[in-house]
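Residues per chain are reported as follows:
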Amino acid sequence: MAVRELLVAVLDNITRFESEHGTLALTGLQIGSAMYGMQGMDAADVEVRDVLMYLHQQLVHCKEDISAQTLGNIIFGLQDKTCDHKVVRDIVQAASARVHQLSEPITIVSFGSALSGLRCMSSDVIEVREMLTALCTKLTPIEAIDTDEIRSGGDTADTLTRSICNALYGLQCMDSEHSEVRRVLAMLSARLDLCPPSSLTAQHFGNAMYGMQLMTCRRDEGEGQSEAEFEGLLRVLCDKARTHPDVFMDVRAIGNSFYGLISAMKYPSEARAQKLLTSVVGFLLQAADGVVRRSVVSSTTAQKNFDCSNTSTDDSKDIIKVGDRQDLWRSLVLFSHFTDSSAALTPDLRSQLARLCAELSLHAPHSTLHITSKEEKDGIDLAAVKEAKSITSIEKQVQEQVDLLLQHNPTVQITHNEMLYGFESDIVLRVSNMDSGSSQELGQVPAIIRNVEIDGITHLQPRRRKFSNLRDIYLEDKYNIKVSRIRFPDRQHLSDEALKEVVLKHLEALKLFVITQQTQHTFF
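From a predicted model like this one, the values you see are computed outputs, not experimental measurements.

Chemist: Let's hear about the pairing of strand E4 (residues 423-431): which residues, and what values?
Modeler: Along E4, eight of the nine residues are buried, which leaves the element largely enclosed by surrounding structure. Here eight bridges tie strand E3 (residues 412-420) to E4, and the two strands are oriented antiparallel to one another. Residue pairing for E4: Gln413 is matched across the bridge by Arg430. Direction of pairing for E4 relative to strand E5 (residues 448-455): antiparallel, over a ladder of five bridges. Note on E5: the bridge partner recorded for Val431 is Ile448.

And the structure:
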């Protein structure tokens, strides 16, 4: 709220200034600084959109030349903004025009910053594809790179590798079916090939692999037997990793890599692509097995801020935070579930994957709350099946409304913020199949389990939507738990009555119970 109030105050001050002194004309550097400060702000908020509209007009009417570095900052400021909003598309289009006007080439650092700013944008949007074309056209030619200096290592090689991997991370919502995306992959692959393996850190590798979420080995008809751009990049990336393997004993990098490969595993179009993906998965499983066996799990709570100095362990062991280990488990189970039929996943790899998932699951909080009676529930330590998480105001309000609406229903057991088979869940409803003439006891396994999720603005981001979709499908396929989502696409304040109406309609739509003002009756 404080940030949105600040944005309103800034625009009010500008309006007053312009009413007294005339239209304010910002310099290119000032526009770049202002846009850079907008990174991480969601355009779903009207206050953010108002500032973006003002800066868009300033960018369009700016009469001076804008440098490549400043344009990189402008585009970087679009981080976490989607093209669902016209003003975001307008800024992307205006910035693309400015990129085409550059008389200087774009450095790989500015190129990486720009693509990082596009990380929540889909390549289905034409303005985004035009931006990719503009950036590729102006990127410093590979012939101008001092290859001897790069291959000798040092700061120059580190900067080049980091910038390439930042750029790849920014492609996480881009689909390789678009030629503009494939062009980016080809250009980055050629530059990465120049870098020494020692410059590729675990974080670089994980970021690059995470950006591959919508990449596949599919190629257009008529392209002959040439290697697809994604195949080439993946080969270069993993060849360097294999020659410097110790760096990749990193749990986050491994989890991001598996998650980023899910789409690619579905479409290994040819034997060559299958062989490459099989090799990559084998390497990642070996790395995952190594990092798990070389590590111990920190025993403090969810440990977002774990202090290693407080734990006494064998010096030969690395510390893995519970949250990081759980994230790795989630990535592996989703990868396993959605790639099980892939031709690139051999029986041996399936066996290794299943074993690793089983080992990691021992430390991943799983719900065992299949009971519904209040007496049995009161005897369970819910902390054992929950992970500490911050609860938003709207989540708390919805949870309270669900409790009120279903408080007199003896057949429904409600839990909040439960770890449901390893996944955070806002609301879980366990409904027992008991009618007035039944002798069923409430302590039995519920006939139906439903997960109700509360989605705010951040859930609109493509990467959050993708994870939510994979999570929901997994829970239904694996455990027959259907997931429904109550969406609040903006921060508009709802009265208690309005919120109650939203929640009531959602519960009725589940068709699990009839809700009246007096009582509730379950039916199936």
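Chemist: Explain the pattern of salt bridges residue by residue, including any values.
Modeler: Summed over all chains, the structure comprises 19 salt bridges. For Arg485, the salt bridge is made with Asp455, and the minimal N-O distance between the two is 2.8 Å. Pair noted here: Arg485 is in strand E6 (residues 482-487) and Asp455 is in strand E5, with a separation of 30 residues, a long-range link. An identical accessibility class is assigned to Arg485 and Asp455; each is buried. Residue Arg471 pairs with Asp472 through a salt bridge whose shortest N-O separation is 2.8 Å. In this structure Asp472 comes out as buried when scored by relative accessible area, which is 14%.

Chemist: Account for the packing of aromatic side chains, with residues named and values stated.
Modeler: Both the distance between ring centres and the angle between the ring planes are used here to describe each pair of aromatic rings. Under the defined criterion, the tally for this structure stands at 11 aromatic pairs. Relative to Phe423, the ring of Trp329 has its centre 5.9 Å away and its plane inclined at 50 degrees; by these criteria the two rings are tilted. A residue pair is termed long-range when its members are at least 10 positions apart, and Trp329 in helix H16 (residues 322-338) and Phe423 in strand E4 qualify at 94 residues. For the pair formed by Trp329 and Phe423, the shared burial category is buried. When the centroid spacing of 6.4 Å and the interplanar angle of 40 degrees are considered together, the rings of Phe423 and Phe467 count as tilted. Residue Phe423 is located in strand E4, and its partner Phe467 is located in helix H20 (residues 462-479); the two are separated by 44 residues in the primary sequence. Just above the ring of Phe423 sits the side chain of Arg330; from NZ or CZ to the centre is 5.9 Å. Positioned over the ring face of Tyr259 is Lys466, at 5.3 Å from the centre of the ring.

Rules of the game
- Residues numbered from 1 in each chain as written.
- Predicted model: local features only at pLDDT ≥ 70, side-chain atom pairs only at ≥ 80, totals over all residues.
- Heavy atoms only, no water.
- Buried < 20%, exposed > 50% of the residue type's maximum accessible area, 1.4 Å probe, protein only.
- Helix = DSSP H or I, 4+ residues; strand = E, 2+ residues; numbered from the N terminus.
- Pairing = 2+ DSSP bridges.
- Salt bridge = Lys/Arg side-chain N within 4 Å of Asp/Glu carboxyl O.
- Phe/Tyr/Trp six-rings, centres within 6.5 Å; stacked < 30°, edge-to-face > 60°.
- Lys NZ or Arg CZ within 6 Å of the ring centre and 35° of its normal.

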